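Next come the chains, spelled out residue by residue.
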Amino acid sequence: MMPEHHPGDDLLIAYAAGSQDEPVALVVATHLALCPRCRKEVERLEELGGVLLEEHKTEALGEDSLARVLARLDDAALEAPDPQAPEPAPVDPRMPRPLRNYLGAGLERLDWTSYRGLDKAELLTEVPGFRTRLMRIKSGTAMPAHTHEGTELTLVLAGGFSDEHGHFLRGDVAEADAATDHRPVADPGEDCLCLAVTDAPLRLTGPFGRLLNPFLRI
Ligand SMILES: [Zn+2]
């Protein structure tokens with residue numbers, strides 16, 4: 001089934017231009033792995049970018065470009081797999097390829113914390129200014145109502161959830177910002193597994209949310 005909720009054009013353009021922060025690029029790349037429509041659009045944007053670069057090519061690509069290419073090849077060599085590295089974890093078929101590289105020893109061996117039907121595991125903790133998490137919401141569970149001080153991108157990997165803005169299933173991306181006040185509810189029948197990236201802490205809005213806010217830092 002094809003996703004129905006796609007990242008906005010601004011996200012696809014920034015991805016094609018390679019100008020996105022890694023956590024956001026990870027959400028877009030994971031969506032692209034599941035969405036032929038957006039893959040096509042990003043290909044088109046990349047071609048467009050290539051044509052523009054070609055048209056503007058001047059001496060900017062000067063003498064040191066060979067040195068730069070060689071330096072990059074050196075970097076690539078450094079990233080070659082370590083033969084001493086432990087066996088890779090068995091692949092979870094629900095995890096699209098771009099995300100697998102971030103899961104280390106596998107989904108179940110991540111450092112999960114649980115609170116009232118919501119499990120969270122942090123990824124990419126070394127990137128400042130973002131929180132990148134896998135979230136597992138127990139089927140049928142409602143999340144506390146909340147809004148955002150920044151932007152929240154949520155990509156569904158398994159199961160689904162609904163909020164005031166629609167119904168989100170595998171591959172769908174929900175974008176929320178300071179103007180969004182929502183209360184996601186996981187679909188019944190299957191836990192909802194999501195990749196969520198926020199660039200600022202959430203602010204809980206319900207009556208209990210305000211009370212819980214300092215404790216429940218979702
Ligand atoms: Zn798409």
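Our subject in this report is the structure included herewith. Quick caveat: nothing in here was measured; it's all calculated off a predicted structure.

### Notes on the overall build of the chain
And then number 1: Counting secondary structure elements, the chain contains six helices and 11 strands.
And then number 2: Classification of the 218 residues of the chain by burial places 41% in the buried group.
And then number 3: Counted over contacts in the chain with a minimum sequence separation of 6, partners at least 24 positions apart contribute 67%.
And then number 4: Of the roughly 13,100 Å² of accessible surface on the chain, a fraction of 55% belongs to carbon and sulfur atoms.

### Concerning the packing of aromatic side chains
To describe a pair of aromatic rings, one takes the distance between the centres and the angle between the planes.
And then number 1: Under the criterion given, the structure shown has one aromatic pair.
And then number 2: Here the aromatic rings of Phe161 and Phe168 are separated by 5.0 Å at their centres, their planes lie at 20 degrees, and the arrangement is stacked.
And then number 3: What makes Phe168 buried here is its relative accessible area of 4%.

### Quick notes on the environment of Met2
And then number 1: Secondary-structure assignment places Met2 in the segment before α1 (9-16).
And then number 2: A sequence separation of 167 residues divides Met2 from Leu169, and the C-alpha atoms of the two residues are 9.4 Å apart.
And then number 3: Ignoring any residue separated from it by four or fewer positions in sequence, one finds Met2 in contact with Pro36 and Arg37.

### Re the packing of helix α2 (residues 22-34) against helix α3 (residues 36-55)
And then number 1: Axis separation between α2 and α3 bottoms out at 6 Å; the angle between their running directions is 115 degrees. Crossing angle aside, the handedness with which α2 passes α3 is left-handed. Contacts between α2 and α3 involve His31, Leu32, Ala33 and Leu34 from the first element and Pro36, Cys38, Arg39 and Val42 from the second.

Conventions used here
- Residues numbered from 1 in each chain as written.
- Predicted model: local features only at pLDDT ≥ 70, side-chain atom pairs only at ≥ 80, totals over all residues.
- Heavy atoms only, no water.
- Helix = DSSP H or I, 4+ residues; strand = E, 2+ residues; numbered from the N terminus.
- Buried < 20%, exposed > 50% of the residue type's maximum accessible area, 1.4 Å probe, protein only.
- Contact = heavy atoms within 4.5 Å.
- Areas by Shrake-Rupley, 256 points an atom, 1.4 Å probe, with all protein chains shown as cover.
- Phe/Tyr/Trp six-rings, centres within 6.5 Å; stacked < 30°, edge-to-face > 60°.
- Axes fitted to C-alpha atoms, helices over the stretch in contact; angles between N-to-C directions.
- Left-handed = near helix turned anticlockwise from the far one by under 90°.

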